[in-house]
Amino acid sequence: MKIAVVGTGYVGLVTGTCLAETGNDVTCVDINVQKVEKMKAGELPIYEPGLEQLFHRNISQGRLHFTTDLASAIADAKIIFLALPTPPGGDGAADLSYVLGAAKDIAKIITDYKVIVTKSTVPVGTADKVRAVMAAETTIEYAVVSNPEFLREGVAVEDFMKPDRVVVGTTDERARKLMAELYGPYVRQGNPVIFMDERSSELTKYAANSFLATKISFMNEIANMCELVGADVDMVRRGIGADERIGKRFLFAGIGYGGSCFPKDVQALAKSAEENNYDFKILNSVMSVNEIQKKVLVEKVKKYYNGDIKGKHFALWGLAFKPETDDIREAPALYIIDELIAAGATVKAFDPEAMPNIKGVVGDKIAYGNNPYDTLENADALLILTEWSLFRTPDFDKLSSALKAKVVFDGRNLYDLEKMIDCGFYYNSIGRKVVG
Ligand code: UDX
């Protein structure tokens, strides 16, 4: 099937590449000339495990194309995906100008029936807005479909190729058939393509992310309780996760959720509730718990040094908002670096992928290591902010000898308490006993 994908950000590129992988002919459109030239030359502008191989294969086999010309991209396409940014506007509501702008441009060009799919996370009612914008420009028939993405950064290719479910919001029978045909190869193992109306589909995306964020904030509060009553959050997590109604996943306490989706989507759903005169109390708590949780690790550090960290030097392991990505959007590391520096401390950090991005934001306010161990020299303590696999089984002898003091603050609960006691560390993690 011929497909066009408008917008070659993270979602657009993963969607376009994975759709080409099952034999579709996909053209990705972007207004950024330089970016398009680079992609044509085989350069992938994002880091995502497994994507590069698929990207190159589909370009070389002639199924994946890039252009800045919207008209040629959509001319023969049956389905047009809109994978455009929906940043939070000044009031917290999603800014739809990119999506609606593209819909208008598309409406001016089309000459036959098209299925326009909103892939970006958009507020309830957006499909109707897209339809209205298009209706003002054309009399050609088209369907506007909501098809939210549930891709996790770091495993996005796997999530796309083998989704738990695909949600499609449409009441147009022709569009429904085309979408079922398109997603058929991805749900061979029997996972469902769930068809519903557009509004339910739009809300499903917000509800899924907000529910997951709620799980995390809930566990972060349980962790704080554990510290007060002398319980261990890891044990509580295992104890409740074994109940299938609760589930094992997404119960890890830490230093707050970040990334490009959770903070934005929880805020947008709260905003949308407010616009409907509904006070969504849980969401407001989820957000405020997350703000507080970002501060927990720095507070532990300050408390350890009796409130004064001026002149102290810290090693930081991990800067990305989570492992297997170079993404630092809303990463707790950004807040933590600012706080440490504002309090007069110095920092040397290492992250396997995210250092170029962090450099772009904090520049030379901090130093950067070439590997985890060379951040440790002269450091008063090590702070762990992202649970990269690389940090899970460090050489504890090297850690002991390189650090000035054997002090570790772990925002991701990577190590066994027993191990840290045996190695003689002071070890302060989240929702567990402080040892050493
Ligand atoms: C998320 C959703 O999972 C995905 O379905 C949606 O399409 C986009 O948003 P992503 O932002 O890539 O994906 O990351 P995810 O793995 O969900 O983690 C989000 C944040 O929650 C990270 O900051 C992570 O550290 C945090 N988290 C996750 C926890 O603190 N504890 C957990 O148990 C799980």
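Residues numbered from 1 in each chain as written. Predicted model: local features only at pLDDT ≥ 70, side-chain atom pairs only at ≥ 80, totals over all residues. Heavy atoms only, no water.

- Going by what an unreviewed UniProt entry lists, the protein is known as UDP-glucose 6-dehydrogenase and is assigned to Mucilaginibacter agri.
- Taken directly from UniProt, the Pathway (unreviewed entry) text for the protein runs: "Nucleotide-sugar biosynthesis; UDP-alpha-D-glucuronate biosynthesis; UDP-alpha-D-glucuronate from UDP-alpha-D-glucose: step 1/1." (UniProt positions renumbered as here; feature names shortened; annotations may be inferred.)

1. So, the state of the cysteines
- For the coordinates displayed, the defined rule picks out zero disulfides.
- Sulfur of cysteine 18: no disulfide; nearest cysteine sulfur belongs to cysteine 28 and is 11 Å away.
- A residue is classified by how much of its surface remains accessible, and cysteine 18, at 0% relative accessible area, is buried. (Disulfide = S-S within 2.5 Å. Buried < 20%, exposed > 50% of the residue type's maximum accessible area, 1.4 Å probe, protein only.)

2. Let's talk about the UniProt feature "binding site: substrate" (unreviewed entry) in the protein
- In this numbering, the UniProt entry assigns the feature "binding site: substrate" (unreviewed entry) to Phe150, Leu151, Arg152, Glu153, Lys205, Phe250, Leu251, Phe252, Ala253, Gly254, Gly258 and Lys322. In summary, the annotated positions, distributed over 173 residues, remain apart in three dimensions as well, the widest C-alpha pair reaching 23.7 Å. Lining of the largest cavity among the annotated residues: Lys205.
- With respect to the element layout, leucine 151 can be found in the loop between β6 (142-146) and α7 (156-161).
- In contact with leucine 151, other than residues within four places in its own chain, are Val14, Ala156, Asp159 and Phe160.
- Along the chain, leucine 251 turns up in the loop between α10 (233-241) and α11 (262-275). (1 Å grid on protein atoms, 1.4 Å probe; cavity = no way out; pocket = protein on both sides within 12 Å on 5 of 7 lines; lining within 4 Å. Helix = DSSP H or I, 4+ residues; strand = E, 2+ residues; numbered from the N terminus. Contact = heavy atoms within 4.5 Å.)

3. Digging into the site of the ligand
- Around the ligand, 18 residues are found, and the nearest of them are Glu153, Phe252, Gly258, Cys261 and Lys322.
- In this structure, leucine 251 approaches the ligand through a main-chain N or O atom, which is 3.3 Å from an oxygen atom.
- Between the ligand and arginine 412, the relevant distance is 3.3 Å, taken from an oxygen atom to a side-chain nitrogen or oxygen of the residue.
- Alone, the ligand offers 660 Å² of accessible surface; in the complex the protein occludes 92% of this.
- The leading source of residues in the shell around the ligand is helix α9 (residues 198-229), at three residues. (Near = heavy atom within 4 Å. Polar contact = N/O pair within 3.5 Å; in protein donor to acceptor, adjacent residues only side chain to side chain. Areas by Shrake-Rupley, 256 points an atom, 1.4 Å probe, with all protein chains shown as cover.)

4. Some thoughts on the side chain of lysine 119
- When you line up the elements, lysine 119 lands in the loop between β5 (114-118) and α6 (126-135).
- Buried and unpaired, lysine 119 has no salt bridge, with glutamate 149 as the nearest side chain of opposite charge at 6.9 Å.
- Discounting chain neighbours no more than four positions away, the residues touching lysine 119 are Val11, Thr15, Phe81, Leu82, Ala83, Asn147, Pro148, Glu149 and Tyr183. (Lys, Arg positive; Asp, Glu negative; His and termini not counted. Salt bridge = Lys/Arg side-chain N within 4 Å of Asp/Glu carboxyl O.)

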